[in-house]
Amino acid sequence: MTASTIAPPAAPPAASRHYARTFGALLARDLRVLRRDLRSFMARTVVQPVLFIFVFAVVLPRIGYGAGQGLSADGRAETFATILVPGLVASGIVLQGIFAVTTPLVMELSYTKEIDDRALAPIPVWVVGVEKIVAGAIQGVVAAVVVFLAVLFVHAPGEAPNIDFGRWPLLVAVLVLSSLLTACIGLLIGTLLPPQQLSTLFAIFIVPLMMLGCVYYPWAALEAIPWLQTAVLANPLVYVSEALRGALSPAVPHMPEAVALTVLTVGTLVTGALSLRSFSRRLVA
């Protein structure tokens, strides 16, 4: 391999078709692995959000320690489940999108060396990276659907979430953009993270990401802590959570959809370019 694999010239139509067939074969292989490990995928995707909403929307209201209510834009009270459901779906996308790419990639680059076989495929190295992003994004979308179905009906009597499906084009756009963004982040982390530090990723990255990602509260509620409201804007989960609230719970105060979509789009393009560059350099080196 040479440096030209990092930034190859435009391929002729015949080569493009060949790239597409090889790309499709690689993607089919990853989806087959996902289908084979579907039970494990469902377990690691569903257990955490279901436990969260069970505690906050079922247990606490039943024992008299309700998690509180939020206010809609017109001043009406909204159940906590209305705030929580979009946030949990967002966390499912982010966690699955990142780990679906990072974990196998770290293993392939260090222990199994399986990535070497993919690098020998008759396509540029960056195409292999794009395939990993697409495969991770698909898993992110599947995780969003699974989490949503799992948490939508878990609530105490009178605590049902107020979900609006009338803004489905926005919902589709958010799902696609956020899944692509998190898969790009996963690819970037996977190419930079030493394998021995994979276990510390949860403590130093994922936990702060979740706690400060507006999963359990809307971003507008942080007006009471101005410095924190500004600081969490560096967290990509904030934009996913707020964009999903705009799509599913528009009555709850949330970040303007145009702002969230712009950040998700720009973030996907920038992170995607950085991750593909890092991936290509790692394999070519």
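Residues numbered from 1 in each chain as written. Predicted model: local features only at pLDDT ≥ 70, side-chain atom pairs only at ≥ 80, totals over all residues. Heavy atoms only, no water.

Trainee: So what's going on with the side chain of S241? Residues and values would help.
Mentor: Tracing the sequence through the fold places S241 in helix α9 (residues 236-248). For S241, a relative accessible area of 0% corresponds to the buried category. At 3.0 Å, the side chain of S241 and the backbone oxygen of G213 are in polar contact. Excluding residues within four positions of it along the chain, S241 makes contact with P86, G87, A90, G213, C214 and V215. (Helix = DSSP H or I, 4+ residues; strand = E, 2+ residues; numbered from the N terminus. Buried < 20%, exposed > 50% of the residue type's maximum accessible area, 1.4 Å probe, protein only. Polar contact = N/O pair within 3.5 Å; in protein donor to acceptor, adjacent residues only side chain to side chain. Contact = heavy atoms within 4.5 Å.)

Trainee: Before we move on, can you summarise the pattern of salt bridges with the specific residues and values?
Mentor: Counted by the stated rule, this structure contains two salt bridges. Of the charged contacts, one joins E257 and R167 as a salt bridge, the two residues approaching to 2.7 Å between their closest N and O atoms. Of this pair, E257 sits in helix α10 (residues 257-284) while R167 sits in the loop between α5 (125-152) and α6 (168-192), placing them 90 residues apart in sequence. Between E242 and R245 there is a salt bridge, and its shortest N-O distance comes to 2.9 Å. Pair noted here: E242 and R245 are both in helix α9, with a separation of three residues, about one helical turn. With respect to burial, E242 and R245 carry one shared label: buried. (Salt bridge = Lys/Arg side-chain N within 4 Å of Asp/Glu carboxyl O.)

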